[in-house]
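# Structural characterization, general
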Amino acid sequence: MSISVIQTTSKQTADGVTSINFNFNGITAGSTILVPVIAWRSTGVSAIIKCSDADGLYTRDAPVQGAGLAPFAGVFRLLSASGGNHSITVSCPTTTFFICAAMEVSVPIFPETI
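Residues numbered from 1 in each chain as written. Predicted model: local features only at pLDDT ≥ 70, side-chain atom pairs only at ≥ 80, totals over all residues. Heavy atoms only, no water.

### Let's talk about the pairing of strand β7 (residues 72-78)
- Here β7 lies mainly inside the structure; five of its seven residues are buried.
- Sheet analysis places strand β3 (residues 32-40) next to β7, joined by seven bridges and oriented antiparallel. Looking across to β7, one finds that valine 37 is bridged to glycine 74. (Buried < 20%, exposed > 50% of the residue type's maximum accessible area, 1.4 Å probe, protein only. Helix = DSSP H or I, 4+ residues; strand = E, 2+ residues; numbered from the N terminus. Pairing = 2+ DSSP bridges.)

See the structure below:
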């Protein structure tokens, strides 16, 4: 079975913020939502960045933490999403610059396939 991308959206911040929100509309029940995140600030952010919506906290896979300005890259996932509209929030308790995307894919993705 192949994976098909159904829809995508993205957002970034120009200034440091503690969260970034974006809407993802018309999600098909049972699909998977993937949210790749790139973030940076003056100290490490890896352990404290979270992604969530009304379905709950997304699982974080494949985090990478750098040095210097502490860049972080990771992929968050929600398996078996509920159908309808999702308001996704990526957050960090301290001021952070974010670049985020979201994609809905047509089949469930399990950790061993990422």
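### What about the state of the cysteines?
- The final tally for this structure, using the stated rule, is zero disulfides.
- Left unpaired, cysteine 51 is separated from the closest cysteine sulfur, that of cysteine 100, by 7.5 Å. (Disulfide = S-S within 2.5 Å.)

### Details of the side chain of histidine 86
- With respect to the helices and strands, histidine 86 occurs in strand β8 (residues 84-105).
- Polar side-chain contacts of histidine 86 include one of 2.5 Å to the side chain of aspartate 53.
- Excluding residues within four positions of it along the chain, histidine 86 makes contact with Phe22, Asn23, Phe24, Ile27, Ile33, Asp53, Asp55, Tyr58, Leu78 and Ala81. (Polar contact = N/O pair within 3.5 Å; in protein donor to acceptor, adjacent residues only side chain to side chain. Contact = heavy atoms within 4.5 Å.)

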